[in-house]
Amino acid sequence: MLVRQWDLLDLLVTANKTKSFSDLIDFNFCGGFPLPHNPCIVVKRLVPDKCRILDSARAPLWLCFENADPHSKDHVSVIFKGTDDLRQDMLALQVLKLMVTQWEMEHLDLRLTLYRTVALGPGMGMVEVVPDCVTIADIQKSMAKNNLTAAFKEDSIADWLGRKN
């Protein structure tokens, strides 16, 4: 299994460099393959028409897999970052998890959804996609109204939160 995960990682690095999913389509998932960020999630195959390259300076890959669980109709989506060091992300999420645990002990529900992330090597890793989430980039774009400087405005996120809550 580890050798197959290594093979998949090699293909992901190549796909990240070439910006092409063609080599990943032929990867043999053998009916079930655990993803590195969460071994409890087993996937059957890549869904190429739902994969894309994200609009970001480092152009990470949005990957969509068919879930091997016969009772789940949902696809499994992850982001592969081939040029980002995710160790700081992992540490920040661990601290947040501790904070959420403390808040729950005080009966405070801040409705945070923590996601999984794993560093897979120097400058690469995999991040779980939270279904139906809105990213900071999405918020900044929606608040921009064709204004390229919205990402630099301090009140974009506060304005969005005010409108939604």
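Above this text you will find the structure in question.
Computed from a predicted model, the values in this text were never measured in an experiment.

Things to note about unusual backbone geometry
Then, in step 1: Here the phi dihedral of Ala-59 falls at roughly 50°; this positive angle occurs in a residue that is not glycine.
Then, in step 2: Position of Ala-59 among the secondary structure elements: in the loop between β3 (52–53) and β4 (61–67).
Then, in step 3: The backbone of His-107 shows a phi angle near 60°, a positive value even though the residue is not glycine.
Then, in step 4: Tracing the backbone through its elements, the reader meets His-107 in the loop between α3 (87–105) and β6 (117–121).

Some details on helix α4 (residues 136–144)
Then, in step 1: Here α4 has its buried residues at Ile-139, Gln-140, Met-143 and Ala-144. Take α4 and look down its axis: the buried residues cluster within an arc of 135°, on one side only.

Examining a nonpolar patch on the surface
Then, in step 1: Among the surface-exposed residues, Leu-108, Leu-110, Leu-112 and Leu-114 lie close enough to one another that they form a single nonpolar patch of about 340 Å² accessible area.
Then, in step 2: Take Leu-110: it is sitting in the loop between α3 and β6.

Description of the environment of Arg-4
Then, in step 1: Tracing the chain through its elements places Arg-4 in helix α1 (residues 2–18).
Then, in step 2: A C-alpha to C-alpha distance of 18 Å links Arg-4 and Val-78, two positions 74 residues apart in sequence.
Then, in step 3: Contacts of Arg-4, omitting those with residues within four sequence positions, involve Phe-27, Asn-28, Phe-29, Cys-30, Gly-32 and Phe-33.
Then, in step 4: One polar contact links the side chain of Arg-4 to the main-chain carbonyl oxygen of Asn-28, over a distance of 3.5 Å.

What about the pairing of β4?
Then, in step 1: Counting buried positions along β4 gives 6 out of 7 residues, so the element sits mostly inside the fold.
Then, in step 2: Bridge analysis of β3 against β4 gives 2 bridges, and the strand direction is antiparallel. Note that in β4 the partner of Arg-52 across the bridge is Trp-62.
Then, in step 3: Both β4 and strand β5 (residues 76–81) contribute to a ladder of 5 bridges, which runs antiparallel. Directly across from Phe-65, in β5, lies its bridge partner Val-76.

Here we look at the nonpolar core
Then, in step 1: Membership of the largest hydrophobic core comes to 25 residues, with the highest contact counts inside it found for Leu-12, Leu-24, Leu-35, Val-43, Leu-63, Phe-65 and Phe-80.
Then, in step 2: Elements that contribute at least two residues to this core include exactly α1, β1 (33–35), β2 (38–46), β4, β5 and β7 (124–128).
Then, in step 3: Every residue in contact with Phe-80, bar those within four places of it in the chain, is listed here: Leu-9, Leu-12, Val-13, Asn-16, Pro-60, Leu-61, Leu-63, Leu-120, Met-124 and Gly-125.
Then, in step 4: Trp-62, Leu-86, Val-127 and Val-129 belong to the second largest nonpolar core, which has 6 residues in total.

Cut-offs applied
- Residues numbered from 1 in each chain as written.
- Predicted model: local features only at pLDDT ≥ 70, side-chain atom pairs only at ≥ 80, totals over all residues.
- Heavy atoms only, no water.
- Helix = DSSP H or I, 4+ residues; strand = E, 2+ residues; numbered from the N terminus.
- Buried < 20%, exposed > 50% of the residue type's maximum accessible area, 1.4 Å probe, protein only.
- Arc of directions from axis to C-beta.
- Patch = residues over 30% accessible without salt bridge, like charges linked within 9 Å, V, L, I, M, F, W, Y side chains within 5 Å.
- Areas by Shrake-Rupley, 256 points an atom, 1.4 Å probe, with all protein chains shown as cover.
- Salt bridge = Lys/Arg side-chain N within 4 Å of Asp/Glu carboxyl O.
- Contact = heavy atoms within 4.5 Å.
- Polar contact = N/O pair within 3.5 Å; in protein donor to acceptor, adjacent residues only side chain to side chain.
- Pairing = 2+ DSSP bridges.
- Core = buried A, V, L, I, M, F, W, Y, C linked by side-chain atoms within 4.5 Å.

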